[in-house]
Amino acid sequence: MARRVAIQMDPLESINPHSDTTLLLGIEAIRRGYEVYTYLVSNLTFHAGEITARAHAVHLKNDPKDYFTIHKEVTLNLREMDVILMRQDPPFDMAYITATHLLEMLHPKPLVVNDPAAVRNAPEKLFMFRYPEFVPPTLITRDMAAIEAFLKAHGKIVLKPLYGYAGLSVFSMEQGDTNLHALLEMLLSSFKEPIIAQRFLPEIKSMDKRIIVIDGKVSAVMGRVPAKGDIRANMRAGGTGVKVEATERDLAIGGKVGRDLAERGILLAGLDVIGEYLTEINVTCPTGLVKSNAIYGLTQERTVWDAIEKRLQTARQG
């Protein structure tokens, strides 16, 4: 009987087939002989101790003009899968958290990647504070006076929502800018959670880096150049991936954080670094494999699946 993988993701028709990491992982699963199903998080159901999903068997191809074929809808008992890939995009909200609780109930079979409890307990802009030696001066608060004092202390800062993603609602602010109060009012009214203020790191004007970590090891370090006139280097915000030489600091950050994540069941992560500083640990739906593969001639999707299958083998032997 063929092994089966279910991918919890966004609608296939909504992804970018030229750069989507989830698509790449799905194609590799098919290459290895898995039956692949996709479903939306909104199609999860818990009843009588079982977790099911309305899903579709799919065939995925490395052809941006014709990259998927969807077969008829089926109801999957997720406990009968071999692997579940949790790959839907943030926001990291209560719907996302609820999905992690549901998938956590399936433990120890099937293998869920990344581990849902670990994802829930590693918010991307908070988990990094476990590594204070790598993190820039940062403030997390809803207190406008505290943000004003932080700005005065550092002269220029970046403001962003604590659970934001893809570079959305990220702003830089200098001391004396008359837009500060209006911007803070907008952020605080748009988001219920605290916001993040970080000392502005001037290196972002030219580039940040994405360190891709697979099963605890640094797999690639890719530079990301922001679009002209922008401080956001995220690919979705117009950033461009470029080849860079990994520094000792990059490897130290990736090595220490990566080992900790792997022990928690997070097999694929993307660490964002500006200059010498770690600014985010992406574990919900890490991206960047397609571009870094192209830059460095890698096949990181195979490395990810090798790590998954190693864990499956260990579980069978246990």
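These numbers come from a predicted model, not from an experiment.

(A) Broad picture of the packing of helix α1 (residues 21-31) against helix α8 (residues 300-317). Relative to each other, α1 and α8 sit at 65°, their axes nearing to 9 Å. Taken as a pair, α1 and α8 cross one another with a handedness that is right-handed. Across the interface between the two elements, Leu24, Leu25, Glu28, Ala29 and Arg31 of α1 pack against Glu301, Arg302, Val304 and Trp305 of α8. Looking at the contact of α1 with α8, its residues break down into 5 nonpolar, no polar and 4 charged.

(B) Expanded view of the sheet that holds strand β9 (residues 156-161). Taken in spatial order, the 4 strands make up an open sheet running β8-β11-β9-β10, and their pairing is antiparallel. What marks the edges here is a single partner per strand, and that holds for β8 (138-141) and β10 (171-174). Averaged over all pairs of adjacent strands, the angle between strand axes in this sheet comes to 25°, irrespective of strand direction. Taken together, the 4 bridges between β8 and strand β11 (residues 195-199) define a ladder with antiparallel strand orientation. When the sheet's bridge partners are listed, isoleucine 140 is paired in β11 with isoleucine 196. Sitting on the sheet, helix α4 (residues 144-154) touches β8, β9, β10 and β11, and the angle it makes with β9 is about 145°. Sheet strands in contact with helix α5 (residues 180-190) are β9, β10 and β11, and its direction is about 150° off that of β10.

(C) Structural view of the pairing of strand β15 (residues 268-274). Burial analysis of β15 places 7 of its 7 residues in the buried class, the great majority of the element. Across the two faces of β15 the burial is the same, with Leu268, Gly270, Asp272 and Ile274 and Ala269, Leu271 and Val273 all buried. Pairing of β15 with strand β16 (residues 277-282), which is carried by 5 bridges, proceeds in the antiparallel orientation. Its bridge partner being in β16, leucine 271 is matched across the sheet by isoleucine 281.

(D) View of the side chain of asparagine 43. With respect to the helices, strands and loops of the structure, asparagine 43 is situated in the loop between β2 (35-39) and β3 (44-47). Side chain to side chain, asparagine 43 and arginine 54 meet in a polar contact 2.8 Å long. Residues within four places of asparagine 43 in sequence aside, it is in contact with Thr52, Ala53 and Arg54.

(E) Examining α4 more closely. Looking only at α4, the buried set comprises Ile147, Phe150 and Leu151. One face of α4 carries all of its buried residues, which in axial projection span an arc of 100°. Among the exposed residues of α4, those oriented more than 90 degrees off its buried face are Lys152 and Ala153. On the buried face of α4, the contacting elements are β8, β9, β10, α5 and β11. At the C-terminal side of α4, glycine 155 shows a positive phi close to 80°.

(F) View of the pattern of salt bridges. For the structure shown, the criterion picks out 20 salt bridges. Two residues, lysine 61 and aspartate 66, come together in a salt bridge whose shortest N-O distance is 2.8 Å. Since its relative accessible area comes to 37%, aspartate 66 is described here as partly exposed. The partner of aspartate 272 in a salt bridge is arginine 210, with the nearest N and O atoms 2.7 Å apart. Within this pair, whereas aspartate 272 is found in strand β15, its partner arginine 210 is found in strand β12 (residues 208-214), the two being separated by 62 residues in sequence. By relative accessible area, arginine 210 is classed as buried at 5%. Bridged by salt links that share partners, the residues Arg3, Glu28, Arg31, Arg32, Arg302, Asp306 and Glu309 form one connected network.

What counts, and where the lines are drawn
Residues numbered from 1 in each chain as written. Predicted model: local features only at pLDDT ≥ 70, side-chain atom pairs only at ≥ 80, totals over all residues. Heavy atoms only, no water. Axes fitted to C-alpha atoms, helices over the stretch in contact; angles between N-to-C directions. Helix = DSSP H or I, 4+ residues; strand = E, 2+ residues; numbered from the N terminus. Left-handed = near helix turned anticlockwise from the far one by under 90°. Contact = heavy atoms within 4.5 Å. Nonpolar A, V, L, I, M, F, W, Y, C, P; charged D, E, K, R; others polar. Pairing = 2+ DSSP bridges. Buried < 20%, exposed > 50% of the residue type's maximum accessible area, 1.4 Å probe, protein only. Polar contact = N/O pair within 3.5 Å; in protein donor to acceptor, adjacent residues only side chain to side chain. Arc of directions from axis to C-beta. Salt bridge = Lys/Arg side-chain N within 4 Å of Asp/Glu carboxyl O.

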